[in-house]
Amino acid sequence: MAALTDEDRKALLKLARNVISSELIKGTELVKPKVVSAAMNEKRGCFVTLHKKGMLRGCIGTIEPVRSLVANVEEHALNAAFRDPRFPPLEADELAVIDIEVSVLTVPEILSYIDAEDLKLKLKPGIHGVILSKDWRSATFLPQVWEQLPEQETFLAHLCRKAGMENTCWADADITVKVYEAEYFSE
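Quantities reported herein were computed from a predicted structural model and do not represent experimental measurements.

### Some points on the packing of aromatic side chains
Logical step 1: Within this structure, the stated rule accounts for 2 aromatic pairs.
Logical step 2: A ring pair is formed by Phe141 and Phe155, whose centres lie 5.3 Å apart and whose planes are at 70°; its orientation type is edge-to-face. In this pair, Phe141 sits in strand E6 (residues 137–141) while Phe155 sits in helix H5 (residues 152–162), placing the two residues 14 residues apart along the sequence. Taken as a pair, Phe141 and Phe155 share a single burial class, namely buried.
Logical step 3: Pairing Trp146 with Phe155 gives two aromatic rings, centres 3.6 Å apart and planes at 0°, and the pair type is stacked.
Logical step 4: Given the relative accessible area of 3%, Trp146 is considered buried.
Logical step 5: Look at Phe155 and you get buried, because its relative accessible area is 0%.
Logical step 6: An aromatic cluster of three or more residues is present, and its members are Phe141, Trp146 and Phe155.

Written as structure tokens, this is what we have:
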């Protein structure tokens, strides 16, 4: 995978803000990056996260690399602002007080482990994003979530709850755990 440059990061953040602005403020033209680097054109999983005064205000993304990074940032910025079911759609007066973060993901890999203790030994807090799944239920936390939930058992319990399972599901032998890493940057 090609590395993102500082110019790429700035262009992706500018695109995310501009796509939201053009939706909120009538007459605002959607301006896409004039130069799209090879790294921005690569198929990459990514999330766009909005924070308002340090609090989560929206977060939508895709884990698997199915579309170009630039196309994903454009789509996920709109979805984080207007279609995150946890929040009402963003209002125009909020635009000035939100901060935008983009997380670019590596391809998830299954984490092999023997038991719950081995799982805790293999997880890398602050580095690994984690996907827990069983049957049709699945949930993920980006690596940044470790900042709010630094204790492994608490992190995993919250992730189980997000997936609609019991807090201790992570210790079950039939749970699939995948991990990925993220490069994240914000305004």
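### Description of the sheet that holds strand E4 (residues 109–110)
To summarise the sheet geometry, strands pair through backbone hydrogen bonds and adopt either a parallel or an antiparallel arrangement.
Logical step 1: Strand order in the open sheet formed by 4 strands is E4-E7-E5-E6, with antiparallel pairing between adjacent strands. This sheet does not close on itself; its edge strands, each paired only once, are E4 and E6.
Logical step 2: Note that strand E5 (residues 129–134) and strand E7 (residues 176–180) share 5 bridges and pair antiparallel. Within E7, the position partnered with Ser133 by the bridge is Thr176.
Logical step 3: Against the sheet, H5 engages E5 and E6, with an angle of about 135° to E6.

Conventions adopted
Residues numbered from 1 in each chain as written. Predicted model: local features only at pLDDT ≥ 70, side-chain atom pairs only at ≥ 80, totals over all residues. Heavy atoms only, no water. Phe/Tyr/Trp six-rings, centres within 6.5 Å; stacked < 30°, edge-to-face > 60°. Helix = DSSP H or I, 4+ residues; strand = E, 2+ residues; numbered from the N terminus. Buried < 20%, exposed > 50% of the residue type's maximum accessible area, 1.4 Å probe, protein only. Pairing = 2+ DSSP bridges. Contact = heavy atoms within 4.5 Å. Axes fitted to C-alpha atoms, helices over the stretch in contact; angles between N-to-C directions.

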